[in-house]
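Here is what each chain is made of, one letter per residue.
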Amino acid sequence: MRLKTKLVLAITALVLLISGLLSMVYVSQLLHASVQQSYETNRMVADQVRFALQNALEVGLKDLTVDPSHPEELRELTRDAIRSSPVLKAVIDSANRYSPTVYDINIGDNELRTVLSTNPENDDKPLPVRPSYKELLDANPVDLMRRVFGEEARVYEINVPLERNGAPFATVRVGVRTTFLREVYKPWLEEAFTLMGFALGTALLVALLLSNLALRPLEEISLQLDYWSPASDAASAEPEPNQDTPERVSHQIERIGQRIRNVEEVFSALRENIDQILVNLQDGLLLFTRDGRAVLVSEAARRFLQIDRDRVLGMQASDIFDRSTTLGRTLREAFDARMALIKEQVRTENGHRIEVSVDFIHDDLTRQGLGALVTLRDLESVEAIESELELSRRMSAIGRLTSGVAHEVKNPINAIVVHLELLKNKLAGSSPNAHRHLDVIEAEIRRLDRVVQTLVDFSRPVELQLREQDLRAIIDDVLALATDELGMRNVTVRSQLPSSPVIVNVDADLLKQAVINVVENGAQAMPEGGHLDLVLETDRKAAELRILDEGVGVPEEIREKIFDLYFTTKSDGSGIGLAMTYRILQLHHGSVEVQSRIERGTEFKFRIPLSAVDWGRRPLQAAVIEQDEGLGE
């Protein structure tokens, strides 16, 4: 069935339903009003008959004496007075003849026997038992329609009593027949049904006009959709000969909707990739449109400018850059003057050095402005990264060098030890001074052997035994191992660990060794005792362990050398502990930083990546330092 036909039928059915309901309401209200009007009219007739009955009794019983002990005599006199009154008979005959709904009128005595009736057959018989007319008045519209038009003809009574000394003496009953009501209401019903038929015909005509008017805009929409649809889609979707315009428009909208969904999926994927890149990007980036509204803000830019990344999107550059700060004032002046900045160095209020670049983008053909790109770079972070890379290169070079030196020195030492034993055997029983010198030589050779073995151990490839575990448990184990020694040094340990697990993928033994090295250094830096704090925190990607002491501090001139192999300021130190700590953090793809103030203490900051289950990082692989080909162990 075509949509136009469906539309016509739907509108017609709707109008028919509305007109039918309105007609039913109209008929029911009209019928109820007619029943009420008929009741009032017939009640007036009953009152007139009662008034005539009262006059007839007054005239008929005038000057008559009745013995109260003989009620039968009173009933006989009453009956004669009622039947002999020509006025009363004229009244009931006139009411019965001229009232269109009155079926009969009956006058009964106090024993409910008929004294006078418009139907002579009822005389001297019990009054007919009929339902009260009030049942019609109280009936609902459906019940009223059923009683008047659906059931067999029935007679309903209007009862008006005549009382004497507060007791019923006589009664007037007016009977109303439903067939008479039906005949009275029939013209009204015919008028209502005629109105319904007219409404239905009008609905058909209106439906035809509305369907044409409703479908006309769809033709225009279809033409517009054909215009905006790609040529390939239009060629592959030729309309069928019998296809309705709405169906054709629906198919076109569905195809365009599918294209939009595909574009949204591509856009969502692209946006997620861009957000991931911006989160990991160390440089702060802000991209502005031609009218100066921010459309792209990186996570690093939020840290530089101390702004809410999500809230500033769509804001003007003048609202983002705060003139009360040095960085904000520099960027605001550049935007106001439309002046590009190329690697401008700005020192912020907290002493950080930031490199600022502002590039205004123009169309090469029209030379119109397209927007602006702001780049922020933390020079101190760059220098720290370069320093860390330089330290890594030095550690790698030292590793290769020590592995070669160890190989070359180990064999001669073994030969010297063998020949030294032979020499001691040959000099047995000789001068004690000679043996003393041989013992000194042997002791020094063994010390040299331990140093070479340390070099071998440091440069040997390490295979990590990685396992996901709670970093808090590792820290608790370290504190359990070091508590006794720290207590002997009068050092109090204070730890601040999060309540929820911090899952990392690490070699627990190596990481414990790295933490113990720093804890012992912190305790040794406080010869008089003090507090040693271990604070564990997390961000979205990594766990951060800070170890703070209250020691003498590390001078700035040697701060960059403390991770060098064999560098130490202690007379009995080996210079290997912090170098090994740095190496262990590197093997776990982490980092270690140090900040210190003289006589105020030192802070070591370990940064360890969280486990893959926490933020989607690929599982760590066991790190192995490969030695150059040709080098020994």
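Everything below is about the structure printed above this text.
Overview of the structure.

### Some details on the packing of aromatic side chains
- Throughout the structure, instances matching the rule amount to five aromatic pairs.
- Centre to centre, the rings of Phe288 and Phe335 are 5.0 Å apart; their planes meet at 70°, and the pair counts as edge-to-face. One end of the pair, Phe288, is in strand S5 (residues 284–288); the other, Phe335, is in helix H12 (residues 326–337), and 47 residues separate them in sequence.
- A relative accessible area of 11% means that Phe335 is categorised as buried.
- The ring of Tyr103 is capped by Arg177, whose NZ or CZ atom sits 5.2 Å from the centre of that ring.

### Observations concerning the sheet that holds strand S9 (residues 369–378)
- Pairing within the open sheet is antiparallel, and its five strands lie in the order S6-S5-S9-S8-S7. Edge positions in the open sheet fall to strand S6 (294–297) and strand S7 (341–347), since each of these has one partner strand only. Mean inter-strand twist for the sheet, computed between neighbouring axes without regard to direction, equals 20°.
- Where S5 lies against S6, three bridges are found, and the strand directions are antiparallel.

### Considerations on the nonpolar core
- Judged by nonpolar contacts, the single largest core of 40 residues is most densely connected at Leu471, Leu532, Ile547, Phe563, Phe604 and Phe606.
- Elements with a contribution of two residues or more to this core: helix H15 (471–488), strand S12 (503–506), helix H16 (508–524), strand S13 (530–538), strand S14 (542–548), helix H17 (577–587), strand S15 (591–597) and strand S16 (601–609).
- When residues of this core are assigned to their parent elements, the largest contribution, eight residues, is made by H16.
- Apart from residues lying up to four places away in sequence, Leu471 is in contact with Val502, Val504, Leu511, Leu536, Ala543 and Ile608.
- Counting residues in each nonpolar core, the second largest holds 37 residues, with Ala95, Val115, Ala170 and Val176 among its members.

### Some thoughts on the side chain of Ser611
- With respect to the helices and strands, the residue Ser611 is situated in the loop between S16 and helix H18 (612–615).
- When its relative accessible area of 0% is taken as the criterion, Ser611 is described as buried.
- Polar side-chain contacts of Ser611 include one of 2.6 Å to the side chain of Glu468.
- Discounting residues that sit within four places of it in the chain, Ser611 has contacts with Glu468, Ile503, Val504 and Asn505.

### A look at a nonpolar patch on the surface
- A cluster of nonpolar residues, Leu14, Ile18 and Leu22, forms a patch on the protein surface that exposes about 300 Å² of accessible area.
- Within the secondary structure layout, Leu22 lies in helix H1 (residues 3–60).
- Given the relative accessible area of 56%, Leu22 is considered exposed.

Conventions and cut-offs
- Residues numbered from 1 in each chain as written.
- Predicted model: local features only at pLDDT ≥ 70, side-chain atom pairs only at ≥ 80, totals over all residues.
- Heavy atoms only, no water.
- Phe/Tyr/Trp six-rings, centres within 6.5 Å; stacked < 30°, edge-to-face > 60°.
- Helix = DSSP H or I, 4+ residues; strand = E, 2+ residues; numbered from the N terminus.
- Buried < 20%, exposed > 50% of the residue type's maximum accessible area, 1.4 Å probe, protein only.
- Lys NZ or Arg CZ within 6 Å of the ring centre and 35° of its normal.
- Pairing = 2+ DSSP bridges.
- Axes fitted to C-alpha atoms, helices over the stretch in contact; angles between N-to-C directions.
- Core = buried A, V, L, I, M, F, W, Y, C linked by side-chain atoms within 4.5 Å.
- Contact = heavy atoms within 4.5 Å.
- Polar contact = N/O pair within 3.5 Å; in protein donor to acceptor, adjacent residues only side chain to side chain.
- Patch = residues over 30% accessible without salt bridge, like charges linked within 9 Å, V, L, I, M, F, W, Y side chains within 5 Å.
- Areas by Shrake-Rupley, 256 points an atom, 1.4 Å probe, with all protein chains shown as cover.
- Salt bridge = Lys/Arg side-chain N within 4 Å of Asp/Glu carboxyl O.

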